[in-house]
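If you want the building blocks of each chain, they are given just below.
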Amino acid sequence: EDEVRQASSEALVQVAKLLRAPDLGRHVLTRVLQLAHDDEREDLRMNAAWLLNELAPHLGNDLCRQFLVPEIVSLSEDPAMRVRRQTAWNMHHLCRISQHLDGAGGRVLSAFHQLSQDDSHRVRRACAEALSEISKAVGNEEQTTKVMDIFHRLYEDSQRNVREGLMGGLGQFIATLEPGRIQPELVLAFTALASAMKGDTADGDLQQKCAFQFPA
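My aim in this report is to walk through the structure given alongside it, one point at a time. (Residues numbered from 1 in each chain as written. Predicted model: local features only at pLDDT ≥ 70, side-chain atom pairs only at ≥ 80, totals over all residues. Heavy atoms only, no water.)

1. Observations concerning the overall build of the chain
Note the following rule: We count a stretch as a helix when DSSP gives it H or I for four or more residues in a row; a strand needs E for two or more, and each element gets its number in order from the N terminus. Under the scheme applied here, a residue whose accessible area is under 20% of the maximum for its type counts as buried, over 50% as exposed, and between as partly exposed, the area being computed with a 1.4 Å probe on protein chains only. Contacts were defined at the residue level, with two residues in contact if any of their heavy atoms lie within 4.5 Å. Note that accessible areas follow from Shrake-Rupley with a 1.4 Å probe, and for residues the cover is restricted to the protein chains shown.
In terms of regular secondary structure, the chain is built from 13 helices and zero strands. Order of helices (α) and strands (β) in the chain, N terminus to C terminus: α-α-α-α-α-α-α-α-α-α-α-α-α. Here the chain holds 216 residues, and the buried ones make up 49% of them. For the chain, the proportion of contacts with a sequence separation of at least 24, taken over those separated by at least 6, is 66%. Counting only carbon and sulfur atoms, one obtains 49% of the accessible surface of the chain, whose full area is about 10800 Å².

2. Quick word on the packing of helix α2 (residues 21-36) against helix α3 (residues 42-59)
We apply this condition: Axes here mean lines fitted to C-alpha atoms, for a helix over just the part in contact, with angles spanning 0 to 180 degrees between N-to-C directions. Throughout this description, any angle smaller than 35 degrees is read as roughly parallel, any larger than 145 degrees as roughly antiparallel, any in the 65 to 115 degree range as roughly perpendicular, and the remainder as oblique. By the definition used in this description, the sense in which the near helix is turned from the far one sets the handedness, with an anticlockwise turn below a right angle giving left-handed and a clockwise turn giving right-handed. Under the scheme applied here, ten amino acids are nonpolar (Ala, Val, Leu, Ile, Met, Phe, Trp, Tyr, Cys and Pro), four are charged (Asp, Glu, Lys and Arg), and all others, including Gly, are polar.
Viewed as axis vectors pointing N to C, α2 and α3 meet at an angle of 150 degrees, and their least axial separation amounts to 7 Å. Between α2 and α3, the angle falls in the class roughly antiparallel. The two elements α2 and α3 cross, and the hand of that crossing is left-handed. Contact residues: α2 offers L24, V28, L29, V32, L35 and A36, while α3 offers L44, R45, N47, A48, L51, L52, L55, H58 and L59. Taken together, the residues of the contact of α2 with α3 sort by class into 12 nonpolar, two polar and one charged.

3. Section: α3
Selection rule: For a helix, the expected span equals 1.5 Å multiplied by the residue count minus one.
With 18 residues, α3 extends 24 Å from end C-alpha to end C-alpha; this agrees with the ideal 26 Å at 1.5 Å per step. One or two positions beyond α3, positive phi appears at G60, with a value near 90 degrees.

4. Some remarks on the packing of helix α4 (residues 61-76) against helix α7 (residues 107-115)
Relative to each other, α4 and α7 sit at 10 degrees, their axes nearing to 10 Å. If you check the angle between α4 and α7, you find them roughly parallel. Residues V69, P70, I72, V73 and S76 of α4 lie in contact with α7, whose contacting residues are R107, V108, A111 and L115. Of the residues that constitute the contact of α4 with α7, the class distribution is seven nonpolar, one polar and one charged.

5. As for the packing of aromatic side chains
Threshold: Put simply, two rings from Phe, Tyr or Trp (the six-membered ring, in Trp's case) pair if the centres are within 6.5 Å, and we call them stacked under 30 degrees between planes, edge-to-face over 60, tilted for the rest.
Taken as a whole, this structure holds two aromatic pairs when the rule is applied. Ring centres of F151 and Y155 lie 5.8 Å apart, and the angle between their planes is 10 degrees; on these two criteria the pair is classed as stacked. A residue pair is termed a helical-turn pair when its members lie 3 or 4 positions apart in one helix, as F151 and Y155 do in helix α9 (residues 140-155) at four residues. Taking relative accessible area as the criterion, F151 reaches 3% and is therefore assigned buried.

6. Digging into the environment of D119
Structurally, D119 is set in the loop between α7 and α8 (121-137). As for D119 and M81, which are separated by 38 residues in sequence, their C-alpha atoms are 9.3 Å apart.

7. Points about the nonpolar core
Just so we agree on the cut-off: We call a set of buried residues a nonpolar core when its members are Ala, Val, Leu, Ile, Met, Phe, Trp, Tyr or Cys and they connect through side-chain atoms within 4.5 Å of each other.
Grouped together as the largest cluster of nonpolar side chains are 66 residues, with contacts concentrated most on L94, F151, L170 and F173. Beyond its immediate chain neighbours, meaning those up to four positions away, F173 contacts L131, S132, S135, V147, M148, F151 and L186.

8. Quick notes on the side chain of S76
To keep things clear, this is the line we draw: Polar contact criterion, stated in full: a pair of N or O atoms within 3.5 Å, where within protein one must be able to donate a hydrogen and the other to accept it, and residues adjacent in sequence count only if both atoms are side-chain atoms.
In this fold, S76 is placed in helix α4. Looking at S76, its side chain comes within polar contact range of the main-chain oxygen of V73, at 2.5 Å. The contacts of S76, once residues within four sequence positions are left out, are R84, T87, A111 and L115.

See below:
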């Protein structure tokens, strides 16, 4: 069932690229909102989070401002941990678009900021893994302030798996920053992956990721 749902969701995104603007709200967005509001099944709300993000580049500014941004913010506050985690993984397109929408700018980034402080370490790890995509989606000012604030908080997280999620994508994160905005501690943290992480024993998987990301 999950594979069928994912395949149909991917097909819906492709169809959205071909529809006229008036048809997008009536035939595509309506269905996604039904999924997002299904209080009985968290798997459908998870599916809605993915769709909201993937459809954002195709639905236009008006629909994004009126429907997509409020819905993704609502899903970020869902009582189900799996829904919040899925939302954290799927905010970057909407974060980029919302930066340019009157009345919506910053709402998605603020929601992601809240998720990075979630009580569940699984949600915080999802934020750590998604941070490089979020960084690419925002402007230089947000990178310097909010995004770096999120990075430092996750870097100091008490849960090892959260820190590992962050360190696993550190090279990609650094590559999203303007050269003049790369703080020395980021470079030191990246090079330290070659031997250890935050004083722990060397992690082979992290070392391998460090090697693959070095060209970035």
